[in-house]
Amino acid sequence: MIFDVKYHATQHYPIIIYSVSYLNPLEELGKVADALHSCFQEPSQVLFDLLLSNGEESNRFVQGYFDGEKIAYSSLKCISIDNAEELKQINQFYKSKFAYLNNSVLTAKQRFKFAKA
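Keep in mind that what you see is a predicted model, and the values were worked out from it rather than measured.

A. Quick look at the pattern of salt bridges. The final tally for this structure, using the stated rule, is 5 salt bridges. With its nearest N and O atoms 3.7 Å apart, the salt bridge here joins K31 to E28. You can call K31 exposed: its relative accessible area is 52%. Taking the relative accessible area as the measure of exposure, E28 reaches 28% and is therefore partly exposed. Of the charged contacts in the structure, one is a salt bridge between D49 and R60, with a shortest N-O distance of 2.8 Å. In this pair, D49 is assigned in strand β3 (residues 44-49) and R60 in the loop between α2 (51-54) and β4 (61-66), connecting sequence segments 11 residues apart. Comparing D49 with R60, the two get one shared label, buried.

Here is what the cut-offs are and how they apply
Residues numbered from 1 in each chain as written. Predicted model: local features only at pLDDT ≥ 70, side-chain atom pairs only at ≥ 80, totals over all residues. Heavy atoms only, no water. Salt bridge = Lys/Arg side-chain N within 4 Å of Asp/Glu carboxyl O. Buried < 20%, exposed > 50% of the residue type's maximum accessible area, 1.4 Å probe, protein only. Helix = DSSP H or I, 4+ residues; strand = E, 2+ residues; numbered from the N terminus.

Here's what the structure looks like:
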């Protein structure tokens, strides 16, 4: 699997899709939608955290819309997370996930930063 799904993740994003390696989960939208549909059939905004595949760049976060069955490619847009508390909550996913962090595009310094988040 190239992604991990967290439900009820934050106040603004009930579903967050995390990349778990340098591979980008946006390339597997069908598989992502299937995983969501098996556990969550309600329409919802979805946040993709592409830190491990894109790094700490302007395209780290992508928002999309899950209609209960699929995620339309046309609904995807790059966003930024400006709320420091929400960003901290999102970054908690990476704490102590050394295998994920080591299989990413991040530098050693960045991997250390997120591992101790």
